[in-house]
Amino acid sequence: MAVSLHLPRPAGGEGGAPVTGLVERLASVPGREDRLVHLEALAAREGIAADWPTWADPEVVAAYAARGVAAPWRHQAVAAEAAHEGQHVVLSTGTASGKSLAYQLPALTDIRAARRPRERRGATVLYVAPTKALAQDQLHSMSGLGLDVRITTHDGDSGREQRDWARDHGEYILTNPDMLHRSLLPGHERWAAFLGSLRYVVIDECHHYRGVFGAHVSHVLRRLRRICAHYGAHPTFVLASATVAEPERAAERLTGLDVLAVTEDTSPRGRLSLALWEPPLTAGAGENGAPVRRAASSEAADLLADLVVAGVRTLAFVRSRRGAEQVAMSAAGMLAEVDPRLAGQVAAYRGGYLPEERRAIEDALRRGELTGLAATNALELGIDISGLDAVLIAGFPGTRAALWQQVGRAGRGAQDAIGVLVARDDPLDTYLVHHPEALLGRPVEATVFDPGNPYVLGPHLCAAAQERPLTEEDLPLFGPDARAVVDSLTEIGLLRRRPRGWFWTDRRRAADLADIRSSGGSPVQLVEQDTGRVVGTVDAASSHAAAHPGAVYVHRGETWLVTSLDLDEHVAEIVRAEPDYSTSAREITDIAIVAERQHTTWGPCRLAFGDVEVRHQVVSFLKRRHPSGEVIAEEPLDLPERTLATSAVWWTVPADVLAESGILPADLPGAAHAAEHCSIGLLPLFATCDRWDIGGVSTALHPDTGQLTVFVHDGHPGGAGFAERGYLAASEWLTATRDTIAACGCVEGCPSCIQSPKCGNQNNPLDKPGAVALLELLLEHAPRDV
């Protein structure tokens, strides 16, 4: 193992090392001179305080004062005042700006003020977080106030006794959309007293609710409002996010309510240095001999080890579970060669761990027992870990909102901090590190989701009907498409129309029809072949790609090989192994147009948006050597085909235009294929999606259009709004696609421009000059305001 530890260890004492000049020191190490592409310094800011509201409970104020909060920041006071007066509000201020106080102050005050004789609860609060980890962090923070408020969690980690206590006695309950959807709302009769007293609903990290997940949660919240009204309660909604764009519009779409936006951040902020870092080209070659860059995860492991040696408390975000494990393992291995005691200061954190494992790691990080942590975005969402100095991000996390959320984990309070974005060998990452204005000079992406998606709306109308019969008066709550969907559900027999409304007629639990995380069904359990022990889980949608026979699976530093996959029983058997490679699945895709919803003409070319049917099948997997990423083998797989009804954006170029363009007919398949790959890679710049949320198909002659056609489609049933966003921003999106391909320094195409890590055709054929010419042809007549 090559050890890359170049920063000096601190002379002694506890706490993190100074971060002034740290990025420059990392970049000045011999051999790293060209890796720092851009360094942006965001200036420190003074805070603006306000007086405590006159209605605030004195004991609540005293509890905050004991924690060191002498007075609220002005934005906290404004939001708290609005919520206390019954105004629905969304607080969109920076990471670590104290958003929690803005809703905790009125909530705790009202709970204590509304108590009835004998300490019976008179007001209740429901806090909804996208992850259990964030709810646990809020519980830890609020319990530390020392107030006599009955606060508890109600989630998948809660035992039956704790759930019963929460229902019967809890005043401030922390939960997540999943438990609200599957437990609390279906069993609302048992929660009648709690729901009838509900004063506030807090929706934390509301930017997380995007795509299909956001559409599902919007209907869960409408079902909650409907049931609360049945019990006589009309709670005030308070939403919070550091990074949501158009906060008022996003919050109104999510809740269906008129919401006041508070956006001025008056909290203090330390100096933040954001570095854009590009790993070097390696000596190895990728598919078809293309040049490849060193893996972002390998680069992040080196930087993490350097920072731990220097005593800099660092959090490294890695996009995949496997990657987080590998970064922690690599950094620990390098540290062990310097000082065995240092290896224990690095750990991994990701989904799939047991609840007690997650809690232990979170506590160790808070106590300072860990100096470095490699984590998936499970630690992105607002967990308050004070004292962090640096954040490493191994690959752009998919959206600018997520980037700033992750960078904000460091420098909480008024501390100075650094963030380093390490680019992957990917068109979007390459574009961003060389176009910093795309990260720094633009607002974060709008929150994109479609509440009218019938694949989402239908199951929630069924769930609502089982909770309480649906009436004509209820339907406007669920949007303009609700009546048509109810009629369809009635026609197929899931709902029955009676004088009192529509009733659920099936014996199943209606809530089970809606998979709000879009996992695609029951998760696959990864079971140790020899003992039967469950090691971890993989969601159903990922099982074909991540749990196929021959796949490498990493869990808590241990590497396993999948030996078999039973899709009927949702079980994959695994054995311990130490391969020197990783695996990635390949799939083939075909697409058919079902219906066109919108179109526009670009001269002789045509841009369209509509409904499609996508058929795809995982057919093989690649073995890539560590750490170079070199492909060493491809193995075939025999897995069933899957069909997806979704939405897509597509564009066509007529044959006569192509004939006049000078692009050779033999080059058209490769040109379209290359344009498709790069456009998929760049769409996350314009919509809140990840390239793994979308897919694409290209062909020189599609049977449904009779022309050269390039499709980019949503990866979720019914669509998630991403393809529609691409249609609306097509001119800007496809211009960035052309510019990225043209500016790349490779000759024939590489992963930084036109090669895709999930291409089912082994990135063949691809024609880089042809793609530029084809996109020039398309964009020649594109309106600038599309």
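See the structure above.
So, here's what we can say about the structure. For clarity, every value in this text was computed on a predicted model and none was experimentally measured. In this numbering scheme, every chain counts its residues from 1 along its sequence in written order. Reporting of local features is limited, given that this is a predicted model, to residues whose pLDDT is at least 70; pairs of side-chain atoms are given and counted only at 80 or more, and all residues count toward the totals for whole chains, interfaces and linings. With hydrogens and water stripped out, all remaining heavy atoms of the structure feed into the side-chain values.

**Comments concerning the overall build of the protein chain**
Thinking step 1. Think of it this way: any DSSP run of H or I at least four residues long counts as a helix, any run of E at least two long counts as a strand, and we number them from the N terminus. Counting its regular elements, the protein chain contains 25 helices and 29 strands.
Thinking step 2. In summary, the protein chain has a C-alpha radius of gyration of 27 Å against a globular reference of 28 Å for 786 residues, a match within 12%.
Thinking step 3. Taking the principal axes of its C-alpha atoms as reference, the protein chain extends roughly 85 × 75 × 60 Å.
Thinking step 4. Think of it in three bands: with a 1.4 Å probe and only protein chains considered, a residue is buried below 20% of the maximum accessible area for its type, exposed above 50%, and partly exposed in between. Put simply, the protein chain has 786 residues, and 58% of those count as buried.
Thinking step 5. In the protein chain, 74% of the contacts between residues at least 6 apart in sequence involve partners at least 24 apart.
Thinking step 6. To measure how exposed things are, a 1.4 Å probe is used in the Shrake-Rupley method; for residues, cover is taken only from the protein chains shown. About 30300 Å² of surface is accessible on the protein chain, with carbon and sulfur atoms providing 49% of the total. Note that the radius of gyration is over C-alpha atoms, with the globule rule given as 2.2 Å times the number of residues to the power 0.38. Contacts: residue pairs with any heavy atoms within 4.5 Å of one another.

**Observations concerning the environment of Gly-211**
Thinking step 1. Relative to the assigned elements, Gly-211 resides in helix α9 (residues 211-230).
Thinking step 2. Between the alpha carbons of Gly-211 and Asp-481 there is a distance of 18 Å; along the sequence they are 270 residues apart.
Thinking step 3. Excluding residues within four positions of it along the chain, Gly-211 makes contact with Val-448, Phe-449, Ala-720 and Phe-722.

**Let's talk about helix α25 (residues 768-779)**
Every α-helix winds through 3.6 residues per turn, so residues three or four apart in the chain are directed the same way.
Thinking step 1. Residue count minus one, scaled by 1.5 Å, sets the expected span of a helix. Over its 12 residues, α25 extends 17 Å from the first C-alpha to the last, a length consistent with the 16 Å expected when each residue adds 1.5 Å.
Thinking step 2. Counting buried positions along α25 gives nine out of 12 residues, so the element sits mostly inside the fold.
Thinking step 3. When we look at burial in α25, the residues that qualify are Lys-768, Gly-770, Ala-771, Val-772, Leu-774, Leu-775, Leu-777, Leu-778 and Leu-779.

**A few points about the packing of aromatic side chains**
Thinking step 1. Centres within 6.5 Å make a pair out of two Phe, Tyr or Trp rings, where for Trp the six-membered ring is used; the pair is then stacked when the planes are under 30 degrees apart, edge-to-face when over 60, and tilted otherwise. Counted by the stated rule, this structure contains six aromatic pairs.
Thinking step 2. Summarising the aromatic geometry, the rings of Trp-191 and Phe-194 are spaced 5.6 Å apart at their centres and angled 85° between planes, so their arrangement reads as edge-to-face. As far as the burial class goes, Trp-191 and Phe-194 line up, both buried.
Thinking step 3. Counting as a charge over the ring demands two things of the Lys NZ or Arg CZ atom: a distance within 6 Å of the ring centre and an angle within 35 degrees of the ring normal. A cation over an aromatic ring shows up here: Arg-498 above the ring of Phe-503, its NZ or CZ 5.0 Å from the ring centre.
Thinking step 4. It is Arg-576 that lies over the ring of Trp-560; its NZ or CZ is 5.7 Å from the centre.

**Brief notes about the pattern of salt bridges**
Thinking step 1. Throughout this description, the term salt bridge denotes a Lys or Arg side-chain nitrogen within 4 Å of a carboxyl oxygen of Asp or Glu. In total, this model carries 41 salt bridges according to the counting rule given.
Thinking step 2. Among the ionic pairs, Asp-302 bridges to Arg-294, the shortest N-O distance being 3.0 Å.
Thinking step 3. Classification of Asp-302 by relative accessible area gives buried; the value is 11%.
Thinking step 4. When salt bridges that share partners are traced, they join Asp-57, Glu-59, Arg-112, Arg-115, Asp-148, Arg-150 and Glu-171 into one network.

**A word on helix α24 (residues 730-743)**
Thinking step 1. The end-to-end C-alpha separation of α24 is 20 Å, in line with the 20 Å expected for 14 residues at 1.5 Å each.
Thinking step 2. When you tally the buried positions in α24, you get 10 out of 14 residues, the bulk of the element.
Thinking step 3. Along α24, the positions that sit buried rather than exposed are Ala-730, Ser-731, Trp-733, Leu-734, Thr-735, Ala-736, Thr-737, Arg-738, Thr-740 and Ile-741.

**Focus on the sheet that holds strand β19 (residues 524-528)**
Thinking step 1. Strand order across the open sheet formed by five strands is β20-β19-β23-β22-β21, with mixed pairing between neighbours. Where the open sheet ends on each side, the last strands, each with one partner, are β20 (534-538) and β21 (552-555). Across this sheet, the average inter-strand angle for adjacent strands is 35°, counted without regard to direction.
Thinking step 2. Across four bridges, β19 lies against strand β23 (residues 571-576) in parallel orientation. Directly across from Val-527, in β23, lies its bridge partner Glu-573.
Thinking step 3. Only the contacting stretch of a helix is used when fitting its axis, a line to C-alpha atoms as for every element, and angles between N-to-C directions run 0 to 180 degrees. Sitting on the sheet, helix α12 (residues 321-338) touches β20, β21 and β22 (558-566), and the angle it makes with β21 is about 65°. Strands qualify as paired when DSSP identifies two bridges or more between them.

**Observations regarding the environment of Ala-245**
Thinking step 1. Tracing the backbone shows Ala-245 in the loop between β7 (236-240) and α10 (247-255).
Thinking step 2. Taking the C-alpha atoms as reference points, Ala-245 and Met-329, 84 residues apart in sequence, are found 37 Å from one another.

**Quick look at the pairing of strand β17 (residues 495-498)**
Thinking step 1. Judged from the four bridges that link them, β17 and strand β18 (residues 501-504) form a sheet pairing that is antiparallel. Considered in β18, the bridge of Leu-495 is made with Trp-504.
Thinking step 2. Hairpin connection of β17 to β18: two residues between the antiparallel strands.

**Some thoughts on unusual backbone geometry**
Thinking step 1. Residues Asn-764 and Pro-765 are joined by a peptide bond in cis, for which omega reads 0°.
Thinking step 2. Relative to the helices and strands, Pro-765 resides in the loop between α24 and α25.
Thinking step 3. Positive phi, normally seen in glycine, also occurs at Glu-205, with a value near 50°.
Thinking step 4. Looking at where Glu-205 falls in the secondary structure, it is placed in the loop between β6 (198-203) and α9.
Thinking step 5. Looking at Glu-205, the relative accessible area reads 5%, which means it is buried.

**With respect to the state of the cysteines**
Thinking step 1. Cysteine sulfurs are considered disulfide-paired once they come within 2.5 Å of each other. Using the criterion set out here, one finds zero disulfides in the structure.
Thinking step 2. In this structure Cys-744 is a free cysteine whose sulfur lies 3.6 Å from that of Cys-750, the closest cysteine sulfur available.
Thinking step 3. Residue Cys-744 is classed as buried on the basis of its relative accessible area of 15%.

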